[in-house]
Amino acid sequence: MRTALVIGTGLIGTSAALALASRGVAVHLADHDQAQARTAAALGAGTDEAPEGVVDLCVVAVPPAHVAAQLADAMRRGVARAYLDVASVKGGPRRELEALGLDLTPYIGTHPMSGRERSGPLAATADLFEGRPWVLTPTRDTDTEVLNLALELVALCRAVPVVMDADAHDRAVALVSHMPHLVSGMVAARLENAEESAVRLCGQGIRDVTRIAASDPQMWIDILSANPGPVADLLSAVAGDLEETVRALRSLQSADDAERRKGVDGVEAMLRRGNAGQARVPGKHGAAPAAYETVAVLISDQAGELARIFADAGAAGVNIEDVRIEHATGQQAGFVQLMVQPAAAPKLAAALRERGWAMRQ
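Student: Break down the overall build of the protein for me, citing the residues and quoting the values.
Tutor: Across its full length, the protein holds 13 helices and 10 strands. A principal-axis box enclosing the C-alpha atoms of the protein has dimensions of 70 × 55 × 40 Å. Across the 361 residues of the protein, 37% fall into the buried class. Here the analysis covers contacts within the protein between residues at least 6 apart in sequence; of these, 68% occur between residues at least 24 apart. Carbon and sulfur atoms form 53% of the exposed surface of the protein, whose accessible area is close to 19700 Å². When the 34 basic and 44 acidic side-chain charges of the protein are each reduced to a single mean position, those positions are 5 Å apart.

Here it is in structure tokens:
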């Protein structure tokens, strides 16, 4: 791939353009907001000037509701040898293109499974997709050259290609992305009018659950409007679980021993189902989930502290598999949770103590 046209210079489009440009592809940028395209160009994502001839690949990175129209326009103008979109839903846009009577041999739907709470070109990074799944949804009509160009794009962005059926993809993202986002928003909404004394007690658990609720509502309206059925089905199932859990909790208030036992069993069953589901979440690099030991280290909120603790862990010869930071309420300190292989935990804890770090027992 030597040339590409990216239509839509938001987070995803600009990030893809940055990755392509950094690897020698001549990238042209287009957006209905010319100022946004100029911003992306200023960041090094390419040029906001139109290509003089046909490019190798056209990447349409606009909201799902506008994908079909943008693709149809680009395909009718013949701007590229191959076309793809990066929208978070796949079945709807393809059916819209089919209804327009377009030849879809030069088109393939794709979806990079990566993003941030922020949007726009200023939030973009060339490594946004590195190591992340990038779904490709070819059909029997998809030309082999088009599939190969899509695979080259994924490789240049350092992502991991995953081939799926379009409708299966839409059901999958409803489960692992769209429904969880709404649930996160519902939990965060409980905080809107909560007493300040309660909100000040927020710890890492509520931060984890509500992190994605900070995303742009308008962007999510576009996404959910393109995939409402599967998301509604999942939320209906969640609502059933909530009703069962509410009944179980009410039973725990009963003075009757048998009724309380029923409540305990109901809550425990739901928690164990949660354990089983969480255990299926892929682990590091998409491998099977691994059980790590946590070494918690007290750390002050000062420049260089994280670098120092990582350096000390490296000096001890211990590989840190994952890391989290638990901030202390009302203090300029917190705990760094270092996840390591169980056999390495005692060695790391001992080495860090020797270097003066305070450990949480």
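After that view of the structure, there is still more to cover.
Student: Which residues make up the nonpolar core, and what values go with them?
Tutor: Met1, Leu20, Leu29, Leu84, Phe129, Trp134 and Leu153 are the most contacted members of the largest nonpolar core, which has 37 residues in total. Elements with a contribution of two residues or more to this core: β1 (3-7), α1 (11-22), β2 (26-30), α2 (34-42), β3 (55-60), β4 (80-85), β6 (133-137) and α5 (144-156). With seven residues, the single largest contributor to this core is α1. Those residues in contact with Phe129, other than ones at most four positions away along the chain, are Ile12, Ser15, Ala16, Pro112, Ser114, Trp134, Cys157, Arg158 and Ala159. Ile7, Ala68, Met75 and Val79 belong to the second-largest nonpolar core, a separate cluster that totals 20 residues.

Student: Got a sec to walk through the packing of helix α3 (residues 64-77) against helix α4 (residues 91-99)? Specific residues and values, please.
Tutor: Close contact between α3 and α4 brings their axes to 8 Å; oriented N to C, the two are set at 45°. Judged by the inter-axis angle, α3 sits oblique to α4. The chirality of how α3 crosses α4 is right-handed. Across from Val67, Ala68, Leu71 and Ala72 in α3, the residues of α4 making contact are Pro93, Glu96 and Leu97. Looking at the contact of α3 with α4, its residues break down into six nonpolar, no polar and one charged.

Student: Summarise helix α6 (residues 166-189); cite the residues concerned and give the values.
Tutor: When the terminal C-alpha atoms of α6 are compared, their 32 Å separation across 24 residues agrees well with the 34 Å that a helix rising 1.5 Å per residue should span. Buried residues along α6 sit in contact with α4, β5 (107-112), β6, α8 (204-210), α9 (217-225) and α10 (228-252). For α6, the N-terminal capping position is held by Asp165, with its side-chain oxygen 3.1 Å away from the main-chain nitrogen of Asp167.

Student: Quick rundown of the packing of aromatic side chains? Include the residues and the values.
Tutor: Applying the stated rule across the entire model yields one aromatic pair. With centroids separated by 5.0 Å and ring planes inclined at 55°, the aromatic side chains of Phe129 and Trp134 adopt a geometry described as tilted. In this pair, the class of Phe129 matches that of Trp134, namely buried.

Student: Mind laying out the environment of Arg190, listing which residues take part and the relevant values?
Tutor: With respect to the helices and strands, Arg190 occurs in the loop between α6 and α7 (196-199). Within the structure, the side chain of Arg190 is placed 3.4 Å from the backbone oxygen of Met186, a separation counted as a polar contact.

Student: Account for the sheet that holds strand β9 (residues 322-327), with residues named and values stated.
Tutor: Spatially, three strands are ordered β8-β10-β9 in an open sheet, and the strand pairing comes out antiparallel. Two strands close off the open sheet at either side, each with one partner strand: β8 (293-300) and β9. Mean inter-strand twist for the sheet, computed between neighbouring axes without regard to direction, equals 25°. The pairing of β8 with strand β10 (residues 333-340) spans eight bridges and is classified as antiparallel. Along β10, the bridge assignment pairs Leu298 with Phe335. Sheet strands in contact with helix α12 (residues 305-315) are β8, β9 and β10, and its direction is about 140° off that of β8.

Student: Please provide a residue-by-residue account of the pattern of salt bridges, values included.
Tutor: Counted under the stated rule, the structure contains 13 salt bridges. Lys90 is paired through a salt bridge with Asp85; the nearest N and O atoms lie 2.7 Å apart. By the burial criterion, Lys90 is buried, and Asp85 matches it. A salt bridge links Glu98 to Arg94, with the shortest nitrogen-to-oxygen separation between them at 3.4 Å.

Student: Summarise the pairing of strand β7 (residues 160-163); cite the residues concerned and give the values.
Tutor: Across four bridges, the pairing between β6 and β7 is parallel. By the bridge assignment for β7, Trp134 is matched with Pro161. Crossover connection from β6 via α5 to parallel β7: handedness right-handed.

Student: I'd like a rundown of unusual backbone geometry, residues and numbers included.
Tutor: The backbone phi angle of Arg158 is positive, close to 60°, even though this residue is not glycine. When its relative accessible area of 45% is taken as the criterion, Arg158 is described as partly exposed.

Student: Break down the pairing of β10 for me, with residues and values.
Tutor: By the criterion of burial, β10 is predominantly enclosed, with six of the eight residues buried. Pairing of β9 with β10 involves six bridges; the strand directions are antiparallel. Within the sheet, the bridge partner assigned to Ile325 lies in β10 and is Val336.

Here is what the cut-offs are and how they apply
- Residues numbered from 1 in each chain as written.
- Predicted model: local features only at pLDDT ≥ 70, side-chain atom pairs only at ≥ 80, totals over all residues.
- Heavy atoms only, no water.
- Helix = DSSP H or I, 4+ residues; strand = E, 2+ residues; numbered from the N terminus.
- Buried < 20%, exposed > 50% of the residue type's maximum accessible area, 1.4 Å probe, protein only.
- Contact = heavy atoms within 4.5 Å.
- Areas by Shrake-Rupley, 256 points an atom, 1.4 Å probe, with all protein chains shown as cover.
- Lys, Arg positive; Asp, Glu negative; His and termini not counted.
- Charge placed at Lys NZ, Arg CZ, Asp CG, Glu CD.
- Core = buried A, V, L, I, M, F, W, Y, C linked by side-chain atoms within 4.5 Å.
- Axes fitted to C-alpha atoms, helices over the stretch in contact; angles between N-to-C directions.
- Parallel < 35°, antiparallel > 145°, perpendicular 65-115°, else oblique.
- Left-handed = near helix turned anticlockwise from the far one by under 90°.
- Nonpolar A, V, L, I, M, F, W, Y, C, P; charged D, E, K, R; others polar.
- Expected span 1.5 Å × (residues − 1).
- Polar contact = N/O pair within 3.5 Å; in protein donor to acceptor, adjacent residues only side chain to side chain.
- Phe/Tyr/Trp six-rings, centres within 6.5 Å; stacked < 30°, edge-to-face > 60°.
- Pairing = 2+ DSSP bridges.
- Salt bridge = Lys/Arg side-chain N within 4 Å of Asp/Glu carboxyl O.
- Right-handed = clockwise from strand over helix to strand, strands pointing away.

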